[in-house]
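Given next are the chains, with one letter for each unit.
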Amino acid sequence: MEKMPKWADVVLIPLISLILAAILSTLVILAIGENPVEAVNLMVTGALGSTYGWGYTLYYATNFMFTGLAVAVAFHARLFNIGGEGQAMLGGLGVAVACLYIPWPHWSIALLAACAASMLFGAAWAAIPAYLQAKRGSHIVITTIMFNFIAAAFLNYMLVNVMRPQGSQDPATARFPEAVHLPTFQSMFSTAENAVFRGAPANISFFVALLACVVVWALIWRTRLGYEIRAYGHSETGAVYAGISPVRITIIAMLISGALAGLMAINNVMGEAERLVLNATEGAGFIGIAVALMGRSHPFGVFLAAILFGFLYQGGAELALWTSIPRELIVVIQALVILFTGALDNMVRIPLEKLFLGLRKGAE
Amino acid sequence: MEFFVTLVQVLDSTIRLATPLLLACLAGLYSERAGIFDIGLEGKMLMSAFFSAAVAAVTGSVWLGLMAGIGASLILSALHGVASITFRGNQLISGVAINFLASGLTVLIAQSWFQQGGRTPSLFGGGRFEPISFPFAEALDAAPIIGPVYSELLSGHSILVYVAFLMVPLTWWVLYRTRFGLRLRAVGENPAAVDTAGVSVVGLRFAAVAICGVLCGIAGAYLATALQAGFVKEMTAGRGFIALAALIFAKWRPWHAMWACLLFGLLQAIALRFQNIDLGGIIIPVQVMDALPYILTVVILAGFVGKAIPPRAGGEPYVKER
Amino acid sequence: MTVPAIELKGISKAFGPVQANKDISISVAPGTIHGIIGENGAGKSTLMSILYGFYKADKGEIWINGTKTDIPDSQAAIASGIGMVFQHFKLVENFTVLENIVLGAEDGGMLAPSLAKARKELKALEEEYELFVDPDKRIDEIGVGRQQRVEILKALYRKAEILILDEPTGVLTPSEADQLFRILHRLREEGKTIILITHKLREIMEATDTVSVMRRGQMTATVKTAETSPQELAELMVGRKVLLQVDKVPAQPGKPILEIENLRVVDEAGVERVKGIDLTVRAGEIVGIAGVAGNGQSELLEVLGGMRPGQGTIRLNGTPLALSGHGSDGQARRAQGIAHVPEDRQREGLIMDFHAWENVAFGYHRDPAYKRGLFMDNAALRADTERKIEKFDVRPPNAWLTAKNFSGGNQQKIVVAREIERNPDLLLVGQPTRGVDIGAIEFIHKQIVALRDQGKAILLVSVELEEIFSLSDRIAVMFDGHIMGERLPHETDEKELGLLMAGVAGEAA
């Protein structure tokens, strides 16, 4: 017999965790002497009150969808990929190489090439930890953490010593040519008399992210590969019995994960900055962990959680602009979400299971 | 002679830079030897760095600062313990959460208390740990070789440096010569053995996590009140992860941990002093030095240079077998 | 009337909706060996875990030597003079024997004096009970028999007067088991009280003074061993007359399906588990492999099922199989016509968190019948599942239930349905009825025999001699990676097989 209904597991537990995180965040805001109601008001108006706000919210959400899906796919194979940050950095390098060194006639072809390049670079960066986990049993959490730092040093070297244009003091690549600039929401949705999303960075990558959600869903729940990934994630001995190679699944799942994290670069590097700068990822790789945990590793959940975090990021930026609450408040909220939906899951789950068991006994 | 002076200076800087790594590394050693993985060393150090600097700045007493730092670090340890021991949550996810919590809260509180853009006021006088001069350090300074080694390399560090290096034999002794150490190692290898022997697994693991908190607290306080004079945003700069790397490099053994931390400290000292190193035509960029600890750790983890086998029960919450 | 060493009064314990122990009372006289027998899952281990403070009973009282005692944790159990030897040893593998014995029973904070004292006492204990082990060897350097002695020594070092042993012979050869029983008798002579938990009738008859029978969480009887018989105990265990013989017609062996020549298997730790065996299984016969767990039977099945590499020759229908590298995995084996009911259905045969219908595809998920375009044809798969559920009478008949929510017997039926319905040339079956209720056992046995009667080859591995006898047309006995001999079931008996299982070769070997 199930301990509790499925909807409780999928909806109620994340919701309660979120409420707990919200309560604690409120206390934090009170503790630093600010008004939580006002803060929420500011965040909502700033992030959702205008197409400009939405443009930023959806821009951030796009990043988080990619990194959230990356973490989620690895989770299905019971792999914890903390390396999304490094893989997204390398994805940025891939986009920069694709955009700078090949003269593309049109942005649409450039986007396809950039997708391929970013996925390739991201996957390549995940490949070594994946191989070491699969073949040599090196703990993937530790190796991916190490690879984040190595990626940062590598990118630093590439930007300072190799890709920086002559005469520039800035550790960044040159601007990408006009032809590869992606259409923003502003150019896509504005009419002559009514300009919307003005100056906001949301761009066509958002739709690529939506597509990625659908593709990942189909991959995990409808294909044989997805079946094998899930089976391996639930039981390694079972996988061996069924003739599913743990080595193969570990490597494939990590390659997909790395490719998804790398794909984020089409949004932040190609879509927004239009050049590669240091720290372009801004921690989005780590937010993917919170997004995947909250979204219960399901693409639809990841989509919702990414929008929520997009709202928090844009709202947080507005907050920092108009009050003395720094942007780091969002980092705190993010930590609380990871804590409650991830590490303290049992704290919410066990009482809830008891409650449902009690309800059922009462009904009988 | 000039080379020798440079060498002493680099080694002196190595000791300073290795100290926070060593403290954090030993902190991780206690926790992981008891079977609790801790990737939240970074967060605990950062939290302690802030609170030690903040309290030292306000009270003017570095000792009160140290206490506050240890206290703050202990609170995060308790959180890790509750999540991973009491509620049997995922230790890695808990560690990730703690790192973010520290990263966010320190800036948030710093801004609220001091309004200096997420930093504390600079510390001076009694607000900092001052170097300790060994007897006759000045008198001996002139002596060749011995002089600089004694007066600059060995003498002239803050008390926390000596504490850190004394922790090494102490940890070895605790681990291998005491009842507590035996039980600690056992609970990291097979908690069921400890449980059926009538010893509390939960109690032991909380004790280990608490020791880890104290040592991370000292490490953070050292950063903010001895190595530097005050807290700045993200000042741990990945040291918690280098310490973790050192712990794996040392295969969870105290003396080896010291050598690993000295090695990684040396890499940092060299990177700090030389930027790009010219080795007879081949230029080693500074970024290689930055990445080297992580690369070395991956190589060790890959098992190409002796396999690093973590404590067997590490990372797994203990559930009584039915 | 002596005061009982242990008295349990009305013990009840539930795990969620599962009632593991129901109102159990038992009384054990001091200086005796008391057996507790029951099928897997009857609640024996739970009861003893309560006595050792691992679980807290929901209801009931524990009396030790005439005093009501609360045992909230293992510490309290040890203080009350109770020692326990678990089925899976609770030893720290990279510690020495001495360190393991001292752990938790140290004197003072320093280790050195504790170890010195323990070394002295250990010597005395060893001589008193003839329990010899080298105190300075690491646990992972000594064999399981020795490890078990360490567990017993641990209890004695803690001054245990009452010793509980949970399925102690599961990992032992018959001769090691005999040695263990000698030790237990010696302990009884010294006045210790011993509780022996087992599901093997032979051990109860040989070693105990009194015996209690458990069934489905309840205590069904307590009798003097001398006044009962194995048949009576067996009936008490399962609740009705046991069908010791499966109805089947004599086998009509045909051409060889599986031919194994000089097969060797080396495990991950580099230990040779199968040491060059030869075996043939023909169409239309069931070959049973008997042996104590851990003598290479599991590895044999795993190589055949594509779960681990081996060396040597295996032919199926005359075609050699790849034993390592490409084409040697479970997918290849299935494609070649080998189906496999694995020994551990929870860890291998099923994904416990998958729905029943997802589990019906497990291992066969690449079957084109379950494929539509790029995707899996889940509708076809569910329809197939409904058919199998009906045919094999899986209860409840719900394809959407996750595997973990079925009972052991119904889980096994799902596995057996999946494998047998593939109509394989060769069926590998490991411990088909472990933890399965008696009704499902009969059903599963009938299905296996029916497959044989269709002219398929079946290789059965079981540690239950009864099962081997009732199903096999031919019996091979494995010991220490070798096949010690082959026998026909009607020409041999448990005694002869027992000797072979202990490595004592018969005239045919």
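From a predicted model like this one, the values you see are computed outputs, not experimental measurements. (Residues numbered from 1 in each chain as written. Chains lettered and ligands numbered in written order. Predicted model: local features only at pLDDT ≥ 70, side-chain atom pairs only at ≥ 80, totals over all residues.)

A. Structural view of the UniProt feature "transmembrane region" (unreviewed entry) in chain B. All names here are of chain B. Residues given the UniProt feature "transmembrane region" (unreviewed entry) here are residues 49-80, 92-114, 159-176, 197-224, 257-276 and 282-305. Helix and strand shares over residues 92-114 are 100% and 0% respectively, and the end C-alpha atoms of the span are 33 Å apart. The span residues 257-276 is 90% helical and 0% strand by assignment, and the distance between its end C-alpha atoms comes to 28 Å. (UniProt positions renumbered as here; feature names shortened; annotations may be inferred. Helix = DSSP H or I, 4+ residues; strand = E, 2+ residues; numbered from the N terminus.)

B. Geometry of the interface of chain A and chain C. Contacts between the two partners involve 17 residues from chain A and, on the opposite side, 24 residues from chain C. Every element with two or more residues in the side of chain A that touches chain C is listed here: α9 (224-234) and α10 (236-241) of chain A. Split by residue class, the side of chain A that touches chain C holds 7 nonpolar, 7 polar and 3 charged. (Contact = placed C-beta atoms within 7 Å. Nonpolar A, V, L, I, M, F, W, Y, C, P; charged D, E, K, R; others polar.)

C. Region of interest: the interface of chain A and chain B. Of the residues lining the interface, 37 residues belong to chain A; the matching set on chain B comes to 38 residues. For the side of chain A that touches chain B, the secondary-structure elements that each account for two or more residues are α5 (107-136), α6 (140-162), α15 (328-343) and α16 (345-363) of chain A. With 11 residues, α6(A) is the single largest residue contributor to the side of chain A that touches chain B.

D. Quick peek at helix α10 (residues 201-227) of chain B. Residues and elements named next belong to chain B. For α10, with 27 residues, the first-to-last C-alpha span of 37 Å sits near the 39 Å given by 1.5 Å per residue. Maximal helix bending in α10 amounts to about 30 degrees, located at Ala221. Of all 27 residues in α10, 21 are buried, a share of seventy percent or more. (Expected span 1.5 Å × (residues − 1). Bend = angle between axes of the 7 residues up to and from the residue. Buried ≥ 20, exposed ≤ 12 C-beta atoms within 10 Å, placed from the backbone.)

E. Main features of the pairing of strand β14 (residues 311-316) of chain C. Residues and elements named next belong to chain C. The sheet contact formed by strand β11 (residues 256-266) and β14 spans 5 bridges and is antiparallel. The residue bridging Arg264 from the neighbouring strand is Gln311, located in β14. Hairpin connection from β14 to strand β15 (residues 319-320): 2 residues lie between these consecutive antiparallel strands, with Asn317 at a positive phi of about 50 degrees. (Pairing = 2+ DSSP bridges.)

F. Structural context of the packing of helix α2 (residues 36-48) of chain A against helix α3 (residues 51-76) of chain A. Residue and element names in this part refer to chain A. Contact geometry for α2 and α3: axes closest at 5 Å, N-to-C directions at 90 degrees. With respect to α3, the axis of α2 lies roughly perpendicular. Here Gly46, Ala47 and Leu48 of α2 come into contact with α3, specifically with Gly53, Trp54 and Thr57. (Axes fitted to C-alpha atoms, helices over the stretch in contact; angles between N-to-C directions. Parallel < 35°, antiparallel > 145°, perpendicular 65-115°, else oblique.)

G. Region of interest: the environment of B:Phe249. Residue and element names in this part refer to chain B. Among the secondary structure elements, Phe249 is positioned in helix α11 (residues 239-249). Phe249 gets classed as buried once you count the C-beta atoms within 10 Å, which come to 25. Through-space distance from the C-alpha of Phe249 to that of Leu296 is 7.9 Å; in sequence the pair is 47 residues apart. When neighbours within four sequence positions are excluded, Phe249 is seen to be in contact with Ala260, Leu296, Thr297 and Ile300.

H. Quick look at the sheet that holds strand β10 (residues 218-224) of chain C. All names here are of chain C. Reading across the sheet, the 6 strands line up as β6-β7-β8-β3-β9-β10 and stay open at both edges, with mixed pairing between neighbours. The strands lining the two open edges of the sheet, one partner per strand, are β6 (82-85) and β10. Averaged over all pairs of adjacent strands, the angle between strand axes in this sheet comes to 20 degrees, irrespective of strand direction. In the sheet, strand β9 (residues 210-215) pairs with β10 via 6 bridges, with the strands oriented antiparallel. Within β10, the residue paired with Thr210 across the bridge is Lys224. Of the strands in this sheet, β6 and β7 (162-166) touch helix α5 (residues 144-157), which is tilted by about 170 degrees from β6.

I. Main features of the packing of α5(A) against α6(A). Residues and elements named next belong to chain A. In contact at an axis separation of 9 Å, α5 and α6 are set at 155 degrees when each is read in the N-to-C sense. Here α5 lies roughly antiparallel to α6, going by the angle between them. Considering the relative orientation of α5 and α6, their crossing is right-handed. For the pair α5 and α6, the contacting residues are Trp125, Pro129, Leu132 and Gln133 in the first and Ile140, Thr143, Thr144, Phe147 and Ala151 in the second. Residue classes in the contact of α5 with α6 are distributed as 6 nonpolar, 3 polar and no charged. (Left-handed = near helix turned anticlockwise from the far one by under 90°.)

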